[in-house]
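So the chains spell out like this:
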Amino acid sequence: MKFEMLEKQKMRILLVNTGDGIFDGVSQIEYNWWKTMPSSLISYDFLTLASSTFGLYRQELIDHGSVIFDFQDKRNRILRNLHFVNYLFNFFKANHYDIVHINSGMSLRSLIMLFVLKCFKVKVIFHAHSSVFEDDWKQKFFRKTLVYMFYHLSDLCIAVSKVSAYTFFPKKYVRNHQVKIINNGIDLPKFKFNVKDRKILRSNYQIKENDLLIGFIGRFIYQKNPEFVARIFLNLSKQNKRAKLLMIGEGPLKEKVLSILAQPLRERKVIMMNDVTDIARYYQMLDILLMPSRFEGLPLVAVEAQASGLNLIVSKKITREVIVNKSVYRLDADKDCDINRWVDQIDMIFNLRSENRLSEFKQLQKSKFSQKNFDKKIISFYYRLLRRSK
């Protein structure tokens, strides 16, 4: 079949999220694709492998014709994985897709899925979104075993950054450009600084214009290191009486973070929120965003924050590939690091802050993080895979 004719066909694509959270960065990325990809060319369904996700957008997805399949099993790991194998065989016998697009962290569930898909005539994309914190020999051995399987069991391998590519796939294939590195895109105009939103939200939460509002946006999990943010704020609040903290997200470490922040401090100076659908507005009210992650692939939150003109302080574990503006500062966030270095950096940034946050947006417009450019690349890969199967 000619490529021109193939392009007129609507593709059925299954997006797979191997994460185990209620809502995470990969969920947001998949939703962004669904929102911006041309529906005349692509029909997306969703499969989550650990727990129900897309909570924020579930009804919207369903109302527009997408189907969300949730695999949920709370038994022990061995029984859960055996059930998962059986579930996948039955699932792909009943449901046909032109492409299965797996968006993954370093997960055994991803490997199981790749092996099962070899039994079905469907093209597979393995899309790496993270890096790995290797704390012991077991993790290192597990990763070295998986990277070759991830590569050889997939029809196309994509990574969001170089660090993700080298984490998930054999180095020789990354160096030979057999792994495609595509930075995730965002809807840039959506995050452009809006002074009206800033004034409204700060007024709603009783944040004065001369108050210092620092923020954390992400899942409350080990990778994101949210307890480090809480400890920074404890120190900062002693030095700066006008400092306040906004934390947005959900996760198992939320209670630990709350326990670090003393009750009187939480009541007067800390705003805790669950996930929100209009996150772009909340960047506007912040002065500085903190990202002390222990490991990352390419965090979209950092791109979104830069588009809104925010100053950021990020850990040195976050790849430099995400840095576009001069408003991003990198510091150590290891357990032995000096928290006061973060406090001092916050004070320095706040004292020297620029009122012109729109200039940062212009830099992002010239960058590689456009959602439109990303969509074009992904669509071209979809067609290339389907053409190869004809």
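Scroll up to find the structure.
As a starting point, this report considers the structure included with it. This structure is a prediction, so every number in the text was calculated from the model and none was measured. (Residues numbered from 1 in each chain as written. Predicted model: local features only at pLDDT ≥ 70, side-chain atom pairs only at ≥ 80, totals over all residues. Heavy atoms only, no water.)

**A word on the layout of surface pockets**
Taken as a whole, the second largest pocket spans an internal volume of roughly 400 Å³. Lining the second largest pocket are 20 residues; nearest its centre among them are Asn-311, Arg-353, Ser-354, Glu-355 and Arg-357. Counting residues per element, the ones that place at least two in the lining of the second largest pocket are α9 (195–204), α15 (339–352) and α16 (358–365). Here the lining of the second largest pocket takes three residues from α9, the largest share from any one element. The class makeup of the residues in the lining of the second largest pocket is six nonpolar, six polar and eight charged. (1 Å grid on protein atoms, 1.4 Å probe; cavity = no way out; pocket = protein on both sides within 12 Å on 5 of 7 lines; lining within 4 Å. Points joined across faces, edges and corners; volume = space filled by probe spheres on them. Helix = DSSP H or I, 4+ residues; strand = E, 2+ residues; numbered from the N terminus. Nonpolar A, V, L, I, M, F, W, Y, C, P; charged D, E, K, R; others polar.)

**Some thoughts on the sheet that holds strand β9 (residues 243–248)**
Taken in spatial order, the six strands make up an open sheet running β10-β9-β8-β11-β12-β13, and their pairing is parallel. Strand pairing shows two members of the sheet lacking a second neighbour, β10 (270–273) and β13 (328–331), which therefore form its edges. Neighbour-to-neighbour, the strand axes of the sheet open up by a mean angle of 20°, direction not taken into account. In the packing of α15 onto the sheet, contacts are made with β8 (212–217), β11 (288–291), β12 (311–315) and β13, and the angle to β12 comes to roughly 165°. (Pairing = 2+ DSSP bridges. Axes fitted to C-alpha atoms, helices over the stretch in contact; angles between N-to-C directions. Contact = heavy atoms within 4.5 Å.)

**Side note on the pattern of salt bridges**
The tally for this structure, following the rule as stated, stands at 14 salt bridges. Here Asp-287 and Arg-198 are joined by a salt bridge, their closest N and O atoms 2.8 Å apart. One end of the pair, Asp-287, is in the loop between α13 (279–285) and β11; the other, Arg-198, is in helix α9, and 89 residues separate them in sequence. The pair Asp-287 / Arg-198 is uniform in exposure class, with both members buried. Linking Glu-227 and Arg-294 is a salt bridge whose minimum nitrogen-to-oxygen distance equals 3.2 Å. Residue Glu-227 is found in helix α10 (residues 226–239), and its partner Arg-294 is found in the loop between β11 and α14 (300–307); the two are separated by 67 residues along the sequence. A network of salt bridges, in which partner residues are shared, links Arg-198, Arg-202, Glu-209 and Asp-287. (Salt bridge = Lys/Arg side-chain N within 4 Å of Asp/Glu carboxyl O. Buried < 20%, exposed > 50% of the residue type's maximum accessible area, 1.4 Å probe, protein only.)

**Structural notes on the sheet that holds strand β6 (residues 156–159)**
Strand order in the open sheet formed by seven strands is β3-β2-β1-β4-β5-β6-β7, with parallel pairing between adjacent strands. Each edge of the open sheet carries a strand with a single partner, namely β3 (68–70) and β7 (180–181). In the sheet, strand β1 (residues 11–17) pairs with strand β2 (residues 42–48) via seven bridges, with the strands oriented parallel. Bridging across to β2, Asn-17 finds its partner in Thr-48. Relative to β1, helix α2 (residues 25–36) is tilted by about 165°, and along the sheet it contacts β1, β2, β4 (99–104) and β5 (123–128). Here helix α5 (residues 108–117) sits on the sheet and contacts β1, β2, β4 and β5; the angle it forms with β4, its principal contact strand, is near 165°.

**What about the state of the cysteines?**
What the rule picks out here adds up to zero disulfides. Considering cysteine sulfurs only, Cys-157 is the nearest to Cys-119, which forms no disulfide, with 19 Å between them. (Disulfide = S-S within 2.5 Å.)

**Comments concerning α10**
Given 3.6 residues to a turn, an α-helix orients residues that are three or four positions apart in the same direction. In this model α10 runs 21 Å from its N-terminal to its C-terminal C-alpha over 14 residues, within 8% of the 20 Å that 1.5 Å per residue would give. Of the positions making up α10, those classed as buried are Pro-226, Glu-227, Phe-228, Val-229, Ala-230, Ile-232, Phe-233, Leu-236 and Ser-237. (Expected span 1.5 Å × (residues − 1).)

**A closer look at the packing of aromatic side chains**
What characterises a pair of aromatic rings is the spacing of the ring centres plus the angle enclosed by the ring planes. Tallied over the entire structure, the rule returns 21 aromatic pairs. A ring pair is formed by Phe-89 and Phe-120, whose centres lie 6.0 Å apart and whose planes are at 50°; its orientation type is tilted. One end of the pair, Phe-89, is in helix α4 (residues 77–94); the other, Phe-120, is in the loop between α5 and β5, and 31 residues separate them in sequence. Considering the side-chain rings of Phe-126 and Phe-150, the 4.4 Å spacing of their centres and the 20° angle between planes classify their relative orientation as stacked. With Phe-126 in strand β5 and Phe-150 in helix α6 (residues 137–152), the pair connects residues that are 24 residues apart, well separated along the chain. Since its relative accessible area comes to 0%, Phe-126 is described here as buried. A relative accessible area of 0% places Phe-150 in the buried class. Taken together through their ring pairs, the aromatic side chains of Phe-69, Phe-71, Phe-84, Tyr-87, Phe-89, Phe-91, Phe-92, Tyr-97 and Phe-120 make up a single cluster. Here Lys-254 stacks its cationic end above the ring of Phe-220, 5.3 Å away from the centre of that ring. Stacked on the ring of Tyr-222, the Lys or Arg Arg-294 has its end atom at 4.0 Å from the ring centre. (Phe/Tyr/Trp six-rings, centres within 6.5 Å; stacked < 30°, edge-to-face > 60°. Lys NZ or Arg CZ within 6 Å of the ring centre and 35° of its normal.)

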